[in-house]
Amino acid sequence: SDLKSVQDTKMLIAERVTPALKRHIVESRISFKHRLATFDHAKTKMRDQHRTARNDLKELQSKRDALETRQRANRFRKGLRGLWDRVTGHHRNIKKQNEAEAIACKTRDAQERQTLVTYQLSERRILQSKIKISRRRQAEILRDLRIDIGRYIIMSRGSEPLPQRQRRRRRATRELRKKFREKT
């Protein structure tokens, strides 16, 4: 007659399990904060690296532009030879060639910048995706733990948990209400 009833045993189990589940929630939140801190560090590091890469590219392009501009200017002869080039039309041809090369160089530089930015955006998107997945996973873990706590609290009160079908129906109703509130 030392055996307890099923109901008493359920209540005892629930009283012991509920604090453990609450500890799991706290531990899960702490673990998530650590993961978020790691992501924040990675995000900061990436931002700094991207900024440095863009500044390096800008500096490289600026130096290259100055060099190429000097090279194009050096194509023009000075003095009497330069005057002769103007008379013969050679100066005009060099000027057209220089203008075409300058446009090509500006286009090349713009493409290099765009390539860098596109690459950096894809890196950032990957990191953001990892953060989003981690947040979603954390939300699922906490939701599941809260559901379990709810079940054990109901058991500790001596009640029976709702049947699976009723729980699903209630969850679907809550989700519909939530979606409706988001739309309005």
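It should be emphasised that the depicted structure is a prediction, and the values quoted were computed from it without experimental measurement.

1. A closer look at the overall build of the protein
(1) Moving on: Along the protein, the regular secondary structure elements total four helices and zero strands.
(2) Moving on: Ordering the α and β elements of the protein from the N terminus gives α-α-α-α.
(3) Moving on: Relative to its full complement of 184 residues, the protein shows a buried share of 18%.
(4) Moving on: Taking as baseline every contact in the protein between residues at least 6 positions apart, the subset at least 24 positions apart corresponds to 82%.
(5) Moving on: Counting every atom, the protein has about 14700 Å² of accessible surface; 56% of that belongs to carbon and sulfur.

2. Some words on the confidence of the model for the protein
(1) Moving on: For the protein, the average pLDDT comes to 86, and 90% of its residues sit at 70 or higher.
(2) Moving on: At the low end of the mean pLDDT range in the protein sits helix α4 (residues 164–183), at 75; at the high end sits helix α2 (residues 79–88), at 92.

3. Structural notes on a positive patch on the surface
(1) Moving on: Taken together, Arg168, Arg170, Arg171, Arg174, Arg177, Lys178 and Arg181 make up a surface patch of like positive charges.
(2) Moving on: If you trace the backbone, Lys178 turns up in helix α4.

4. Brief notes about the nonpolar core
(1) Moving on: Counting six residues, the largest nonpolar core consists of Phe32, Leu36, Phe39, Met46, Leu127 and Ile131.
(2) Moving on: Of all elements in the fold, only α1 (6–73) and α3 (90–156) reach the threshold of two or more residues within this core.
(3) Moving on: With near-sequence residues (within four places) excluded, Phe39 lies in contact with Leu127, Lys130, Ile131 and Ser134.
(4) Moving on: Ranked by size, the runner-up nonpolar core spans five residues in total, among them Leu21, Leu142, Leu145 and Ile149.

5. Concerning the pattern of salt bridges
When the charged atoms of two side chains with opposite charge come close together, those side chains can pair.
(1) Moving on: In this structure the tally under the stated criterion is eleven salt bridges.
(2) Moving on: The salt bridge partner of Asp109 is Arg64, with a shortest N-O separation of 2.6 Å. Taken together, the positions of Asp109 in helix α3 and Arg64 in helix α1 put the pair 45 residues apart, joining distant regions of the chain.
(3) Moving on: For Arg64, a relative accessible area of 21% puts it in the partly exposed group.
(4) Moving on: Where salt bridges share partners, they join Arg64, Glu68, Arg108, Asp109 and Glu112 into one cluster.

6. Remarks on the environment of Ser28
(1) Moving on: The residue Ser28 is located in helix α1 in this model.
(2) Moving on: The exposure class of Ser28 is buried, given its relative accessible area of 11%.
(3) Moving on: Apart from residues no more than four positions distant in its own chain, Ser28 is found in contact with Gln138, Ile141 and Leu142.
(4) Moving on: At 3.1 Å, the side chain of Ser28 forms a polar contact with the side chain of Gln138.

7. Some words on the side chain of Arg72
(1) Moving on: Tracing the backbone through its elements, the reader meets Arg72 in helix α1.
(2) Moving on: No salt bridge is formed by the buried Arg72; its nearest oppositely charged neighbour, Asp65, is found at 4.3 Å.

What counts as what
Residues numbered from 1 in each chain as written. Predicted model: local features only at pLDDT ≥ 70, side-chain atom pairs only at ≥ 80, totals over all residues. Heavy atoms only, no water. Helix = DSSP H or I, 4+ residues; strand = E, 2+ residues; numbered from the N terminus. Buried < 20%, exposed > 50% of the residue type's maximum accessible area, 1.4 Å probe, protein only. Contact = heavy atoms within 4.5 Å. Areas by Shrake-Rupley, 256 points an atom, 1.4 Å probe, with all protein chains shown as cover. pLDDT = per-residue confidence, 0-100. Patch = residues over 30% accessible without salt bridge, like charges linked within 9 Å, V, L, I, M, F, W, Y side chains within 5 Å. Salt bridge = Lys/Arg side-chain N within 4 Å of Asp/Glu carboxyl O. Lys, Arg positive; Asp, Glu negative; His and termini not counted. Charge placed at Lys NZ, Arg CZ, Asp CG, Glu CD. Core = buried A, V, L, I, M, F, W, Y, C linked by side-chain atoms within 4.5 Å. Polar contact = N/O pair within 3.5 Å; in protein donor to acceptor, adjacent residues only side chain to side chain.

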